[in-house]
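Fold and geometry: a report
What follows is the residue order along each chain.
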Amino acid sequence: MPFGLKYDSIENYLKSYGKYIVRQARGILKQRGKDDTGKLSKSLKFKITEDKEGYDIKFLASKYAAFVNKGVSGTQGVRTYIDVNGKRKRSPFKFKKQPPSYVIEGWIKRKGIQGRSKKGRFITRKSLAFIMARSIKRKGIPAASFYTQPLSYSYKVFKKEMIKHFKTDVLKNIKTFK
């Protein structure tokens, strides 16, 4: 750590900030209906590492979280997301192939959805899953911005609080030298 000081206040603040961002991200996922099975929510974590330069906070999630966070553009439409600076950007992801129907079939079963044809007759779950997968491929998946949104909204407050906690730690260490 710089100057050989103890930074207890900063470390505690980083822990509380990490918990806050993860809590906000889980709330956004729930609010937008993006966490059907709960696996994505459970995978959200943060990690604080310390080295000679200072502290580093990383926000972790499962592999497919990037697709949910930034969205996926379809073949006929472009999806956007909100970056950490609060600006809208195009999604870096785009469908090349149709999503697998068996995944959507499972979602249909969990939700209890039953499709109907134009004549009003029930259609098979497999047919409905194929139709939905084709629609997702064309339209894409909208971005949830579950990590980037709370980070961009809280960044100014984060900077002010970090300065305040740094000041607290430096003053505490100065008093111990006397």
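Structure's up top.
Residues numbered from 1 in each chain as written. Predicted model: local features only at pLDDT ≥ 70, side-chain atom pairs only at ≥ 80, totals over all residues. Heavy atoms only, no water.

**Overview of the overall build of the protein**
Assigned secondary structure in the protein consists of six helices and six strands. Ordering the α and β elements of the protein from the N terminus gives α-α-β-β-α-β-β-β-α-α-β-α. What you see for the protein is a C-alpha radius of gyration of 22 Å, clearly larger than the 16 Å of a compact globule of 178 residues, by over 25%. Its C-alpha atoms give the protein principal-axis dimensions of about 85 × 30 × 25 Å. Burial statistics for the protein: of 178 residues in total, 30% are counted as buried. (Helix = DSSP H or I, 4+ residues; strand = E, 2+ residues; numbered from the N terminus. Rg over C-alpha atoms; globule rule 2.2 N^0.38 Å. Buried < 20%, exposed > 50% of the residue type's maximum accessible area, 1.4 Å probe, protein only.)

**Let's talk about unusual backbone geometry**
For serine 145, which is not a glycine, the phi torsion comes out positive at approximately 45 degrees. When you line up the elements, serine 145 lands in the loop between β6 (140-141) and α6 (148-177). Accessibility expressed as a relative area gives 3% for serine 145, which makes it buried.

**A short note on the pattern of salt bridges**
What the rule picks out here adds up to four salt bridges. For lysine 89, the salt bridge identified is with aspartate 83, shortest N-O distance 3.6 Å. Classification of lysine 89 by relative accessible area gives partly exposed; the value is 43%. Given a relative accessible area of 7%, aspartate 83 falls into the buried group. In this structure, the salt-bridge partner of glutamate 161 is lysine 164, at a minimum N-O distance of 3.2 Å. Here glutamate 161 pairs with lysine 164, and both are found in helix α6, just three residues apart, close to one helical turn. Under the relative-accessibility criterion, lysine 164 is labelled partly exposed at 46%. Residues joined by salt bridges that share partners form a network here, namely Asp36, Arg110 and Lys111. (Salt bridge = Lys/Arg side-chain N within 4 Å of Asp/Glu carboxyl O.)

**Describing the packing of helix α4 (residues 101-111) against helix α5 (residues 125-139)**
Contact pair α4 / α5: the axes reach a minimum separation of 8 Å and the direction vectors enclose 115 degrees. By the angle class used here, α4 and α5 are roughly perpendicular. In the crossing of α4 with α5, the sense of the turn from one axis to the other is right-handed. Facing Ser101, Ile104, Glu105, Trp107, Ile108 and Lys109 of α4, the residues of α5 in contact are Arg125, Lys126, Leu128, Ala129, Phe130, Met132, Ala133 and Ile136. In the contact of α4 with α5, the residues fall into nine nonpolar, one polar and four charged. (Axes fitted to C-alpha atoms, helices over the stretch in contact; angles between N-to-C directions. Parallel < 35°, antiparallel > 145°, perpendicular 65-115°, else oblique. Left-handed = near helix turned anticlockwise from the far one by under 90°. Contact = heavy atoms within 4.5 Å. Nonpolar A, V, L, I, M, F, W, Y, C, P; charged D, E, K, R; others polar.)

Nothing here speaks to function; it is all geometry.
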